[in-house]
Amino acid sequence: MMSSMPSGTCSSFVRDDGCCESDCADGCSRLYPDLTAPSEVVSAPPADTSCIYYSFSPDKPYPASYSPNIVVGSFIISPDTATNAVQDKINEFWLLPTGFKKRFTCPSLSRTYYPFLIYNVQAHVDMTCSIKGATPEWRTVQKNYKEQIDSIVVCACASAEDRDHVAHLGVIPPVPSSLTQQVMHELAGKEGATVSDALHWMKVWTDTTEPATQKRAEDSATSLVQIQEKATAIKDVKSTTSFKHLECKLIYFPFYTGSYLNDDGKTYRVIVDGQSASLFVERPGYGLGKAGDLVKGTVNLLSTMLAWREEVAIVMGSRLAETDHCPALYCPENAFLTFPRSDSYGVAQSIGLVTVINSGREEVVVQGQKRKGAKRGACIAIPAREERTLPFRGWWCLEVVSGRWEDVTIKQCLTNGGSGPDEGLMCQV
């Protein structure tokens, strides 16, 4: 991936033994003295040297002669292109809160450089397993495999929130022709850009990259055993994986970033890749969109009879008690997800389906409660980064009993979901 580096750029990686292997003429093959105890976060480079690649060792984040000339990916798309991409993404969203598109103004986007680490490593897998081929008997085999795994691109932002947002864009390979050597602080000052701090390279490797790379190598070895031995079945797989010749580069990729404040008081992030224009836009809650404008004037008057017109929203219990004129009915400190009632046909009511997403890192627990009533459903746990579809009949809301309510949103609400699953029925009439 890095074969198209600009001329004059050292094209080598650094070895894990602390030495920079290179055929470049600037004498960058050297060892660096030990540093003091490592820090998790590495900020601006402290010293000057002519070589942009550098040696690492587990006890130091970057070498003492860490170069201010950093490999940087240049911006390819313009700010106007990024802004238009954000506006187009907003226009693609369905079931936005009523009037949102009219109120929305695309935020001012800032240039931001995020650090990425690119690893090369050689994986050695020693494997023992039992296989079965053309004959029904199981036999034990032992295999040793070596695989060179290159260009493992990992976001190294010190901010977990930044890493999460970048993750929505997928793995982003650099555009080789756009890579240049830059003095980072001068470039950032000239462009008015922000440079995100980088995590310690060893922390990124041991926490996330090494386990994922180990699984990849062991899966590849298992597949090779099946192919080479013509196995129809495999079991009792035991493997030991070691890594050699770990190599690493630090490259800063360009992004446009911004945020906007919605009527619910929450701030939503926007991030656009400065090279490919791929983007992630946090959306607000769900609502009735344009349809909500048609009924907005009648909702307050007919709120009880026409509760199915209500927008999807999240409100605090104290506010919901005021809206429903039911003091002390809802826990005032907790947040409540509100949504339309299920369809009604005379005295019969259909079963609706509401899909709830937990976008956070911790489990949340929700519990259904009948609107303007004390009847409650069962507590339902939603693990981190998962969603649950819950059936309901009538007019209900969901209380966030535990966990971060800021991470909970309603993905979809169907007021007529058919029969619906019986298991986990959140709320009955």
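These lines cover the structure that appears in this document, whether it is placed above or below. All of these numbers come straight from a predicted model, not from anything done at the bench. (Residues numbered from 1 in each chain as written. Predicted model: local features only at pLDDT ≥ 70, side-chain atom pairs only at ≥ 80, totals over all residues. Heavy atoms only, no water.)

A closer look at the pairing of strand S19 (residues 396-402)
Of all seven residues making up S19, five are buried, and the element is well covered by its neighbours. Two strands pair when backbone bridges link them, and strand S12 (residues 335-338) and S19 are joined in this way by three bridges, in the antiparallel orientation. Residue pairing for S19: Leu 337 is matched across the bridge by Leu 398. Across six bridges, the pairing between strand S16 (residues 364-370) and S19 is antiparallel. What sits directly across from Gln 369, in S19, is Cys 397. (Buried < 20%, exposed > 50% of the residue type's maximum accessible area, 1.4 Å probe, protein only. Helix = DSSP H or I, 4+ residues; strand = E, 2+ residues; numbered from the N terminus. Pairing = 2+ DSSP bridges.)

Comments concerning the sheet that holds S19
Either a parallel or an antiparallel arrangement is found when strands of a sheet pair, and the pairing is made through backbone hydrogen bonds. Pairing is antiparallel in the open sheet, where five strands are placed in the order S11-S12-S19-S16-S17. With one partner strand each, in any of the chains shown, strand S11 (313-316) and strand S17 (376-382) form the two edges of the open sheet. For this sheet, the mean inter-axis angle between neighbouring strands, taken without regard to orientation, is 30°. The sheet strands contacting helix H7 (residues 317-324) are S11, S12 and S19, and the helix crosses S11 at an angle near 100°. (Axes fitted to C-alpha atoms, helices over the stretch in contact; angles between N-to-C directions. Contact = heavy atoms within 4.5 Å.)

Here's the deal with the pairing of strand S9 (residues 267-273)
Looking down a regular strand, the side chains alternate between one sheet face and the other. Across the seven residues of S9, six count as buried, placing the element largely inside the fold. For strand S8 (residues 233-261) and S9, the ladder comprises seven bridges, and the chain directions are antiparallel. Its bridge partner lying in S9, Leu 261 is registered against Thr 267. Pairing of S9 with strand S10 (residues 279-281), which is carried by three bridges, proceeds in the antiparallel orientation.

Let's talk about the packing of aromatic side chains
Under the defined criterion, the tally for this structure stands at ten aromatic pairs. On the basis of an interplanar angle of 55° and a centroid distance of 4.9 Å, the ring pair of Phe 75 and Tyr 256 is categorised as tilted. Of this pair, Phe 75 sits in the loop between strand S2 (69-73) and helix H1 (79-92) while Tyr 256 sits in strand S8; the two residues are 181 residues apart in sequence, bridging distant segments of the chain. Residue Phe 75 is classed as buried on the basis of its relative accessible area, which comes to 14%. For Tyr 256, a relative accessible area of 1% translates into the label buried. On the numbers, 5.4 Å between centres and 20° between planes, the contact of Tyr 260 with Tyr 268 is stacked. Summarising the burial analysis for this pair, Tyr 260 and Tyr 268 share the class buried. (Phe/Tyr/Trp six-rings, centres within 6.5 Å; stacked < 30°, edge-to-face > 60°.)

Side note on the pattern of salt bridges
Any two side chains of opposite charge can pair, given that their charged atoms come close. Applying the stated criterion to the full structure yields 14 salt bridges. The residue Lys 203 makes a salt bridge to Asp 207 at a minimum N-O spacing of 2.8 Å. Of this pair, Lys 203 and Asp 207 both sit in helix H5 (residues 201-228), separated by four residues, roughly a single helical turn. Given a relative accessible area of 26%, Lys 203 falls into the partly exposed group. The shortest N-O distance in the salt bridge between Lys 215 and Asp 219 comes to 2.9 Å. Here Lys 215 and its partner Asp 219 are both found in helix H5, four residues apart, which amounts to about one turn of the helix. On the basis of relative accessible area, Lys 215 is assigned to the exposed category, the value being 53%. When salt bridges with common partners are traced through the structure, they connect Arg 139, Lys 143 and Glu 229 into a single cluster. (Salt bridge = Lys/Arg side-chain N within 4 Å of Asp/Glu carboxyl O.)

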